[in-house]
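An overview of the molecular structure
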Amino acid sequence: MSTLAVVGAQWGDEGKGKVVDVLAAEADLVARFAGGNNAGHTLVVDGVKIVTHLVPSGCTYPGTRCLLGAGMVIDPEVFAEEIAQLRTHGLLAGDELRVSLDAHVIFEFHRELDALREDASTAQTIGTTRRGIGPAYEAKAARRGIRIRDLLRPDRLRERLEHNKRALEPEFARFGSERSVSVDALCEAAARWVEWIGPMTCDAGAEVLEFIGAGKSVLFEGAQGALLDVDHGTYPYVTSSSTIAGGVCTGLGIGPTLIDGVWGITKAYTTRVGAGPFPTKLDGERGDQIRAAGGEYGATTGRPRDCGWLDLPALRLAARRNGLTGLVVTKLDVLAQLPAIEICTRYQDDLDPGRDGFDDAVPVYEPVAGWGGPNWGEQVSNARSLEQLPAGVRAYLDLVSDYVEVPVTLVSVGPGREQTIRLTAAF
Ligand code: IMP
């Protein structure tokens with residue numbers, strides 16, 4: 001196997017950053033294919049916590065090529081800051097970064113529109129990250145988006161900014177905002193961005209093909225999770241991009257036959273941030289307990305995440321939508337701290353989330369037999385092989401794997417790279 005896609009199998013925040021960081025040690029190219037700086041990937045390297053939002057998690061390995069694909073939306077201001085921050089850690093010292101010419105640009109007017117909409121008290125508030133992600137993807141679908149390649153052509157850029165100005169100023173006015181789009185100022189900003197982004201630009205599909213052709217290993221790094229996918233998630237409470245494995249092809253410009261394997265990441269429990277259905281959400285003390293144990297606060301916005309038990313029907317749907325060949329289970333050490341746990345094995349009335357959606361899903365829980373023991377949390381976080389896990393924890397992994405019909409390929413028992421149990425080779 002020379003390519004592997006790693007995607008979120010829940011509502012994001014499954015621990016993709018750490019997992020990709022571990023797997024990227026063996027990759028020559030790490031390519032992101034969707035989303036933007038709504039993502040927040042937390043990496044812990046030599047005890048230092050680093051959060052990336054745009055740069056692929058392969059950035060911790062000098063010389064590993066990091067590619068931002070065409071399916072992404074890129075805020076150049078945020079990108080510049082992130083590169084500067086990574087450089088203070090001694091990373092990205094070479095020419096590791098490449099950016100697709102076809103990726104779309106997030107401008108300040110996208111960010112502002114996102115925030116205005118979220119602040120308006122309409123039924124459609126999504127609880128977005130307010131980073132301008134939705135408005136940038138909307139512009140793309142409306143065919144007035146501005147791509148990285150447009151930044152390189154000042155005349156075209158000006159024309160397209162004028163087009164956006166005409167489309168967006170009335171929209172700002174509808175929210176009572178007098179915001180105007182200053183085309184001159186944005187053209188000036190773009191001229192500055194081009195100086196450093198220009199040398200990184202590439203044809204993302206060609207870049208991936210070149211690595212594969214040379215027999216190198218390529219990791220496709222997902223952002224968000226399957227249930228936030230614009231087509232297959234809990235619509236309309238979703239992000240605006242294709243977060244599932246299918247997005248690898250459209251987001252990078254390669255064919256599906258080039259994806260050798262797809263690993264889906266799930267926490268040992270479930271979290272969600274933002275609005276929308278979350279059948280296994282636990283209100284009150286039990287949810288608080290998981291949040292505290294797992295440090296469940298958004299890496300991008302700092303918002304507290306809602307927490308609940310593992311939702312197997314939702315996970316099975318994610319496995320099918322992604323064609324998962326492997327399952328990665330993270331934060332097992334957090335779940336192990338709880339004295340007793342439950343798991344959702346079906347929804348009432350045999351509701352099928354693929355067919356019926358999630359709006360009316362009422363979870364049916366089963367207690368997990370044989371769970372809980374003194375020092376389990378510590379024991380699990382110190383385990384480096386399956387055998388070192390308590391038998392009850394191994395049984396839980398088997399239960400999940402059997403239900404979704406996907407083998408467990410990797411288990412994460414803590415934030416550090418070494419707190420990883422590898423069961424199957426990635427490449
Ligand atoms: P947007 O992507 O900022 O438009 O937000 C749309 C929805 O996706 C909101 O519910 C966000 O909370 C959620 N979301 C976006 N990115 C992430 C992520 O990386 N982790 C978890 N939720 C996310």
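Given the structure is predicted, the values throughout are model-derived calculations rather than measurements.

Quick look at the environment of Leu92 now. Turning to its location among the elements, Leu92 is positioned in the loop between helix 2 (76–88) and strand 7 (97–100). As a C-alpha pair, Leu92 and Thr64 span 28 residues in sequence and 9.2 Å in three-dimensional space.

Along its sequence, the chain is carved into domain 1 (3–103 + 198–261), domain 2 (104–196) and domain 3 (266–422). Between domain 2 and domain 3, the C-alpha centre-to-centre distance is 37 Å. Interface of domain 2 and domain 3: buried area, both sides summed, is about 360 Å²; carbon and sulfur atoms make up 45% of it. Considering only the side of domain 2, the residues that lose the most area to domain 3 are Gly127, Thr129 and Arg131, jointly responsible for 71% of the buried surface there. The interface formed by domain 2 and domain 3 contains 0 salt bridges. On inspection of domain 2 and its partner domain 3, the count reaches 2 residue pairs in polar contact (both at pLDDT 80 or more). Among the residues making up the side of domain 2 that touches domain 3, the classes are represented as 1 nonpolar, 4 polar and 1 charged.

Here we take up the sheet that holds strand 7. Reading across the sheet, the 10 strands line up as 9-7-5-2-10-1-11-15-18-19 and stay open at both edges, with mixed pairing between neighbours. In this open sheet, the two strands that pair with only one neighbour each are strand 9 (201–202) and strand 19 (420–422). Where strand 15 (residues 326–330) and strand 18 (residues 408–412) come together, 3 bridges link them in parallel fashion. Pairing of Val329 across the sheet is with Val411, part of strand 18.

Okay, the pattern of salt bridges next. As enumerated under the stated definition, the model contains 28 salt bridges in all. Lys16 is the salt-bridge partner of Glu14, the closest N and O atoms lying 2.7 Å from each other. On the basis of relative accessible area, Glu14 is assigned to the buried category, the value being 1%. For Lys16, a relative accessible area of 4% gives the class buried. Across the pair Asp102 and Arg147 runs a salt bridge, and its minimum N-O distance is 3.5 Å. Taken together, the positions of Asp102 in the loop between strand 7 and strand 8 (104–105) and Arg147 in the loop between helix 4 (133–141) and helix 5 (148–151) put the pair 45 residues apart, joining distant regions of the chain.

Taken together, 15 residues sit near the ligand, with Asp13, Asn38, Thr129, Thr239 and Arg303 positioned nearest. Between the ligand and the protein, one listed contact pairs a nitrogen atom with a side-chain N or O atom of Asp13 at 3.0 Å. In the model, an oxygen atom of the ligand is placed 3.0 Å from a nitrogen or oxygen of the Arg303 side chain. In isolation the ligand has 470 Å² of accessible area, and contact with the protein removes 97% of it.

Glancing now at the packing of helix 3 (residues 108–119) against helix 4. Following both chains from N to C, one finds helix 3 and helix 4 inclined at 115°, their axes separated by 7 Å at the closest point. Relative to helix 4, helix 3 is oriented so that their crossing is right-handed. Listed contacts from helix 4 to His110, Leu113, Asp114 and Arg117 of helix 3 are Ile133, Pro135, Ala136, Glu138 and Ala139. By residue class, the composition of the contact of helix 3 with helix 4 is 5 nonpolar, 1 polar and 3 charged.

As a further point, take the sheet that holds strand 14 (residues 310–311). The 3 strands are arranged 14-16-17 in an open sheet whose pairing can be described as mixed. Edge positions in the sheet fall to strand 14 and strand 17 (363–367), since each of these pairs with one other strand and no more. Of the strand pairs in this sheet, strand 14 and strand 16 (residues 342–347) are connected by 2 bridges, and their pairing is parallel. Of the residues in strand 16, the one forming a bridge with Leu310 is Ile343.

A separate point is the UniProt feature "active site" (unreviewed entry) in the chain. Mapped onto this numbering, the UniProt entry annotates "active site" (unreviewed entry) at Asp13, His41 and Lys140. These residues run over 128 residues, and the two farthest C-alpha atoms among them are 25.6 Å apart, placing them at more than one spot. Looking at the secondary structure, you find His41 in strand 3 (residues 41–45). Those residues within four positions of His41 in sequence are excluded, and the remaining contacts are Lys16, Gly17, Ile50, Val51, Thr52, Ser57, Glu221, Gly222 and Ala223. Within the secondary structure layout, Lys140 lies in helix 4. Owing to a relative accessible area of 32%, Lys140 belongs among the partly exposed residues under this scheme. Not counting chain neighbours up to four residues away, the residues in contact with Lys140 comprise Ala70, Gly71, His104 and Gly145.

Glancing now at the state of the cysteines. On inspection of all chains with the given rule, the structure shows 0 disulfides. Cys66 supplies the cysteine sulfur nearest to Cys59, a cysteine that is in no disulfide, at a spacing of 5.6 Å. With no disulfide of its own, Cys307 lies closest to Cys344 among cysteine sulfurs, the gap being 16 Å. Residue Cys307 is classed as buried on the basis of its relative accessible area, which comes to 1%.

Right, let's talk about unusual backbone geometry for a bit. Here Tyr235 and Pro236 are connected by a cis peptide whose omega angle stands at 5°. Phi is positive for Arg130, which is not a glycine, with a value near 65°. Its location among the elements puts Arg130 in the loop between helix 3 and helix 4. Classification of Arg130 by relative accessible area gives partly exposed; the value is 35%. Here the phi dihedral of Arg143 falls at roughly 65°; this positive angle occurs in a residue that is not glycine.

Rules used in this analysis
- Residues numbered from 1 in each chain as written.
- Predicted model: local features only at pLDDT ≥ 70, side-chain atom pairs only at ≥ 80, totals over all residues.
- Heavy atoms only, no water.
- Helix = DSSP H or I, 4+ residues; strand = E, 2+ residues; numbered from the N terminus.
- Domains from an automatic or database assignment.
- Buried area = accessible area lost by both parts, 1.4 Å probe.
- Salt bridge = Lys/Arg side-chain N within 4 Å of Asp/Glu carboxyl O.
- Polar contact = N/O pair within 3.5 Å; in protein donor to acceptor, adjacent residues only side chain to side chain.
- Nonpolar A, V, L, I, M, F, W, Y, C, P; charged D, E, K, R; others polar.
- Pairing = 2+ DSSP bridges.
- Buried < 20%, exposed > 50% of the residue type's maximum accessible area, 1.4 Å probe, protein only.
- Near = heavy atom within 4 Å.
- Areas by Shrake-Rupley, 256 points an atom, 1.4 Å probe, with all protein chains shown as cover.
- Axes fitted to C-alpha atoms, helices over the stretch in contact; angles between N-to-C directions.
- Left-handed = near helix turned anticlockwise from the far one by under 90°.
- Contact = heavy atoms within 4.5 Å.
- UniProt positions renumbered as here; feature names shortened; annotations may be inferred.
- Disulfide = S-S within 2.5 Å.

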